[in-house]
Amino acid sequence: MGAPGLVGKGVALAVLVLLMQACSPSESGNAPAMNAPATSARTYEVPAFDEDSAYAYVERQVAFGPRVPNTPEHDACGEWLARELERHGAQVLVQEGRARAYDGTILHMQNVIGSFHPESRDRIMLYAHWDTRPFADKDSTRIREPIDGANDGASGVGVLLEVARQLGLKSADVGVDIVFFDAEDYGRPAWIETTEGSFRDWCLGSQFWAQNPHVPRYRARFGLLLDMVGAADARFHQEGTSLRYAPNVVRKVWRRAELLGFGDRFSSKATPQTIDDNLFVSDMAGIPSANIVDYRIKVRPMGYGPFHHTHADNMSIIDRNTLNEVGSTVLSVVYEP
Ligand code: ZN
């Protein structure tokens, strides 16, 4: 289906400017000041998001098998992510680090970072986690086995790989860093009673990065996290942590989605604050970030969809239309920030 809204918008603006230039009063000798609106009108051509490409990127990650840190499947996928970003012209850095998991396991992490226009001081940071949950602790069966993580992990990365492909084809005015964080989903399983402070079990890759940014004194205008952005019935309410740290970014992104015709999916309702990579990127690294995350307000106690941390999180729940709505919104924000 592509992104008809975006293409239409770009074309419409281009046509508008051409018309204004064609009717330019300066050609009939009028004062140059009359020209100002025409010459200052800026057109932005936003590339069309390719949902088939994004879907294939999700599929490809799932084909590696679960991407659990310290496994060969994980490492193979990490290498592929770096190669893919490089192929699209990004300057790639694989940040290796170690972290202690809730059970004492030392996790060998790789944050995979692709920078477009690394020389630009004006930057946007786009990110998602690429690891998958080592357990299916919300399932009723095979709860100690890892999940596919087609949605929780691969969907956000898939959309951002397609964004990277587009950035390789047509560069944006702003510098863009695409960051794939590792070890987001290794938090203690539900069968262990939660203790206070356990939120630090999660998001180990982004916590590591926030303390050791890949560029000293790294700054970005804002950050945008994508998490679980592939389910057919996904709803993107305004997430509480995003509203706390980055209300303007939330407003900008949600307004853009609405303009593109995705207002049904990008709702104006607020959710409670959640623990996700945007908390650590906003709070520890000071990059105000919004999280586009599928959160179902009516589901208690944690408002994620029925696939969440179960074996149902596989390719069968991934929907091209959802990927397209998220990807088109992200491209629009990147090319017309
Ligand atoms: Zn998860």
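Our next topic: the coordination of the zinc ion. Surrounding the zinc ion are the protein donor atoms Asp152 (OD), Asp185 (OD), Asp185 (OD) and His309 (NE2), which sit 1.9 to 2.5 Å from the metal. Geometry at the zinc ion is irregular, judged from its four donor atoms and the angles of 56 to 146 degrees they form at the metal. Spacing between the donor residues of the zinc ion along their common chain follows D-x32-D-x123-H. One end of the pair, Asp152, is in helix α5 (residues 150-169); the other, Asp185, is in the loop between β4 (175-181) and α6 (204-211), with 33 residues separating them in the sequence. By the burial criterion, Asp152 is buried, and Asp185 matches it.

Counting residues in each nonpolar core, the largest one holds 65 residues, and the members touching the most others are Leu126, Ile178, Phe180 and Ile292. Ranked by residues supplied to this core, first place goes to α5 with nine residues. Among the nonpolar cores identified, the runner-up in size contains 13 residues, and Tyr127, Ala210, Ala220 and Ile287 belong to it.

Moving on, we come to the sheet that holds β4. The strands making up a sheet are joined through hydrogen bonds of the backbone, oriented either antiparallel or parallel. Reading across the sheet, the six strands line up as β1-β2-β4-β3-β5-β8 and stay open at both edges, with mixed pairing between neighbours. Whereas interior strands pair on both sides, the edge strands pair on one side only; in this sheet they are β1 (91-100) and β8 (289-293). Along the sheet, successive strands turn relative to each other by an average axial angle of 20 degrees, direction set aside. Two strands pair when backbone bridges link them, and strand β3 (residues 123-129) and strand β5 (residues 222-227) are joined in this way by four bridges, in the parallel orientation. Note on β5: the bridge partner recorded for Ile124 is Phe222. Across the face of the sheet, helix α8 (residues 247-259) comes into contact with β5 and β8 while running at roughly 45 degrees to β8.

With that settled, consider α6. Summarising burial for α6: six of the eight residues are buried, a large majority. When α6 is considered as a whole, its buried residues turn out to be Leu204, Gly205, Ser206, Gln207, Trp209 and Ala210. At its buried positions, α6 is contacted by β1, β2 (106-116), β3, β4 and α9 (277-283).

Applying the stated criterion to the full structure yields 13 aromatic pairs. Each ring, one from Tyr127 and one from Phe181, has its centre 5.5 Å from the other, and the planes form 75 degrees; the classification is edge-to-face. Here Tyr127, found in strand β3, pairs with Phe181, found in strand β4; they are 54 residues apart in sequence, far enough to count as distant. For the pair formed by Tyr127 and Phe181, the shared burial category is buried. Each ring, one from Phe135 and one from Tyr186, has its centre 6.3 Å from the other, and the planes form 65 degrees; the classification is edge-to-face. Of this pair, Phe135 sits in the loop between β3 and α5 while Tyr186 sits in the loop between β4 and α6, and the two are 51 residues apart along the sequence. Of the two residues examined, Phe135 and Tyr186, each falls in the buried class. Among the aromatic residues, ring-to-ring pairing joins Tyr102, Phe135, Tyr186 and Trp191 into one connected group. The positively charged end of Arg320 is found above the aromatic ring belonging to Tyr55, 3.8 Å away from the centroid.

The subject of this paragraph is the layout of surface pockets. Looking at the second largest pocket, its volume works out to about 290 Å³. Taken together, 17 residues line the second largest pocket, and the ones lying closest to its centre are Pro118, Ser120, Arg123, Val215 and Tyr218. No other element matches β1, which puts three residues into the lining of the second largest pocket. A class-by-class count of the residues in the lining of the second largest pocket yields seven nonpolar, four polar and six charged.

Next up on the list: the pattern of salt bridges. Summed over the entire model, instances satisfying the criterion amount to 12 salt bridges. Taken together, the shared-partner salt bridges connect Asp50, Glu162 and Arg165 into one network.

Moving on, we get to the environment of Ser268. On the secondary structure map, Ser268 appears in strand β7 (residues 266-270). Placed 29 residues apart in sequence, Ser268 and Glu239 show a C-alpha to C-alpha distance of 9.7 Å.

With that settled, consider the pairing of β8. Burial within β8 is extensive, with five of its five residues counted as buried. Of the two faces of β8, the one holding Ser289, Asn291 and Val293 and the one holding Ala290 and Ile292 are both buried throughout. Direction of pairing for β5 relative to β8: parallel, over a ladder of five bridges. Each residue of the ladder has a partner; that of Leu224, found in β8, is Ala290.

Quick notes on the rules
Residues numbered from 1 in each chain as written. Predicted model: local features only at pLDDT ≥ 70, side-chain atom pairs only at ≥ 80, totals over all residues. Heavy atoms only, no water. Donors = N, O, S within 2.8 Å, 3.2 Å for Na, K, Ca; no water. Tetrahedral: all angles 85-135°; square planar, octahedral: opposite > 155°, others 65-115°. Helix = DSSP H or I, 4+ residues; strand = E, 2+ residues; numbered from the N terminus. Buried < 20%, exposed > 50% of the residue type's maximum accessible area, 1.4 Å probe, protein only. Core = buried A, V, L, I, M, F, W, Y, C linked by side-chain atoms within 4.5 Å. Pairing = 2+ DSSP bridges. Axes fitted to C-alpha atoms, helices over the stretch in contact; angles between N-to-C directions. Contact = heavy atoms within 4.5 Å. Phe/Tyr/Trp six-rings, centres within 6.5 Å; stacked < 30°, edge-to-face > 60°. Lys NZ or Arg CZ within 6 Å of the ring centre and 35° of its normal. 1 Å grid on protein atoms, 1.4 Å probe; cavity = no way out; pocket = protein on both sides within 12 Å on 5 of 7 lines; lining within 4 Å. Points joined across faces, edges and corners; volume = space filled by probe spheres on them. Nonpolar A, V, L, I, M, F, W, Y, C, P; charged D, E, K, R; others polar. Salt bridge = Lys/Arg side-chain N within 4 Å of Asp/Glu carboxyl O.

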